[in-house]
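Observations on the three-dimensional arrangement
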There are 2 protein chains.
Amino acid sequence: MPQLDPAFAALSDPTRRAILARLAEGEATVQELARPFAISQPAVSRHLKVLEEAGLIETRIEGTSRPRRLKPERVEELWDWLGRFRAIWEERYRRLDVLLEEMGREDSAEK
Amino acid sequence: MPQLDPAFAALSDPTRRAILARLAEGEATVQELARPFAISQPAVSRHLKVLEEAGLIETRIEGTSRPRRLKPERVEELWDWLGRFRAIWEERYRRLDVLLEEMGREDSAEK
DNA sequence: TCTTTATATAAGTAATTTATTATATAACGA
DNA sequence: TCGTTATATAATAAATTACTTATATAAAGA
C-alpha cells in the first residue's frame, strides 16, 4: 500500500496534526488555519498541500477562499493497517502464552 | 505528545513497516532482517535505530548478536491518537446528519 | 591469542523537507 | 476598472534523511 507512506509522513508533523484536529471540528480556510501558528501563510499552504497529497483532506473552492475539510477514508486505511498489525502480534503473544502454559503443564506432569 | 512525531515518521518508510511486520512474527537479528531487502547491513542497522528511537522496538543482547523485538506500547498510542481523531470527526458527521435531518423535517413542515 | 562473525559507526553524498521572503493570480466590492 | 483580500508559487537556504563503502568493536570459537 504505497499511499501509506505519504499519509504516515504527513501525520509525523505536529503542525499538520494540529491542522487535522482543527479540521475535525469543521471546514476552515487557510487564514483560519494559519492564525494559531507562528508560521507564515505560505508555510501553512505547503502543509495543506502535503495533507492533500496524502489524501487526508480536500479543498472546496468558494470565491476567493479555499476551505479545506477532512477526507476520512485515508485515516481508515491507517487505522486498518495498525489494526492488522496489532492483531498479528497480539495473536503472537497469545500463542506465546499458550506455549508457556503448556510448558508449565509439562513441568508439573514430568517426574 | 511529542513521541508521536518519530513514531509516525518511522512508519512512513515501507522498509521499516516491512521490518515491523517481520518482527510481529517474532524476534529477529540484523542479518535475518537484512536478508529480504536489497539494502546494505548498515542501512538496516540505521532503520532499526530509527525504529528503536521511535519506541517501536527494543534490543536484547545475546553474545555477539542483538535480536530485536516489538515493543507494542507505542503502537497503542498511535492507535489511540487515530481513534480519538476518528471519534471526533465521526461525531461531527453524526451531528451534521442530525442537522440535515432537522432541516429536512423543517422543509417538510413548512408551507 | 588469532580469526571469524555480528553489528555499529564514520565519512561522504544526493535527495527531500521545511521554513523564509517576494511575487503572482484570481475573485470581490467600490 | 482599481484596490483589496485570499491563496498559491518561486527562489533560496538550512536541516534532515537515506543511502553507499570503509572501518571499528566486541564476543565466540579454534
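Residues numbered from 1 in each chain as written. Chains lettered and ligands numbered in written order. Predicted model: local features only at pLDDT ≥ 70, side-chain atom pairs only at ≥ 80, totals over all residues. Heavy atoms only, no water.

Close contacts around DNA strand D come from 19 residues, with A:Gln31, A:Ser45, A:Arg68, B:Ser40 and B:His47 the closest. Contact distances for DNA strand D include 3.2 Å between a phosphate oxygen and a backbone N or O atom of A:Arg66. In this structure, a phosphate oxygen belonging to DNA strand D sits 2.5 Å away from a side-chain N or O atom of B:Ser40. When contributions to the surface near DNA strand D are tallied by element, the ones reaching two or more residues are helix H3 (30–34) and helix H4 (41–53) of chain A together with helix H4 (41–53) of chain B. The leading source of residues in the surface near DNA strand D is H4(A), at four residues. (Near = heavy atom within 4 Å. Polar contact = N/O pair within 3.5 Å; in protein donor to acceptor, adjacent residues only side chain to side chain. Helix = DSSP H or I, 4+ residues; strand = E, 2+ residues; numbered from the N terminus.)

Bringing the confidence of the model for chain A into the picture now. Across chain A, pLDDT averages 88, with 91% of residues at or above 70. When pLDDT is averaged over each element of chain A, H4(A) comes out on top at 98 and helix H5 (residues 73–109) of chain A at the bottom at 79. (pLDDT = per-residue confidence, 0-100.)

Right, let's talk about the packing of helix H2 (residues 14–23) of chain A against H4(A) for a bit. Residues and elements named next belong to chain A. At a closest axis distance of 10 Å, the pairing of H2 and H4 adopts a crossing angle of 75 degrees. Taken as axis vectors, H2 and H4 run roughly perpendicular relative to one another. For the pair formed by H2 and H4, the contact residues are Thr-15, Arg-16, Ile-19 and Leu-20 on the first element and His-47, Leu-48, Val-50 and Leu-51 on the second. (Axes fitted to C-alpha atoms, helices over the stretch in contact; angles between N-to-C directions. Parallel < 35°, antiparallel > 145°, perpendicular 65-115°, else oblique. Contact = heavy atoms within 4.5 Å.)

Turning our eyes to something else, we now look at the protein's contact with DNA strand C. Neighbouring DNA strand C are 19 residues, the closest being A:Ser40, A:His47, B:Gln31, B:Ser45 and B:Arg68. Within 4 Å of the protein, the contacting atoms of DNA strand C are drawn from sugar and phosphate to the extent of 72%. Residue B:Gln31 places a main-chain N or O atom 3.0 Å away from a phosphate oxygen belonging to DNA strand C. The set of elements that each furnish at least two residues to the surface near DNA strand C consists of H4 of chain A together with helix H3 (30–34) and H4 of chain B.

Inspection of the entire model under this criterion finds 14 salt bridges over all chains. The salt bridge involving A:Asp5 is made with B:Arg17; its shortest N-O contact spans 2.8 Å. One end of the pair, A:Asp5, is in helix H1 (residues 4–11); the other, B:Arg17, is in helix H2 (residues 14–23), on a second chain. B:Arg86 is the partner of A:Glu76 in a salt bridge, and the nearest nitrogen-oxygen pair spans 2.7 Å. Of this pair, A:Glu76 sits in helix H5 while B:Arg86 sits in helix H5 (residues 73–109), which puts the two residues in different chains. Using a relative accessible area of 23% as the deciding quantity, one classes A:Glu76 as partly exposed. (Salt bridge = Lys/Arg side-chain N within 4 Å of Asp/Glu carboxyl O. Buried < 20%, exposed > 50% of the residue type's maximum accessible area, 1.4 Å probe, protein only.)

Superposing chain B onto chain A takes a rotation of 180 degrees combined with a translation of 0.0 Å along the rotation axis, leaving an RMSD of 0.1 Å. Accordingly, the operation relating the two chain copies is best matched by a two-fold axis. In this assembly the copies share their binding face: 100% of the residues contributing to the interface of chain B also contribute to that of chain A. (Least-squares fit on C-alpha atoms with pLDDT ≥ 70 in both.)

Here we come to the packing of aromatic side chains. The final tally for this structure, using the stated rule, is six aromatic pairs over all chains. Arranged with centres 3.7 Å apart and planes meeting at 15 degrees, the rings of A:Trp79 and B:Trp79 form a pair that is stacked. Placement of the pair is A:Trp79 in helix H5 and B:Trp79 in helix H5, with the two residues belonging to separate chains. Across this residue pair, the class does not change: A:Trp79 and B:Trp79 are buried. Members of the aromatic cluster, connected to one another through ring pairs, are A:Phe8, A:Trp81, A:Phe85, B:Phe8, B:Trp81 and B:Phe85. (Phe/Tyr/Trp six-rings, centres within 6.5 Å; stacked < 30°, edge-to-face > 60°.)

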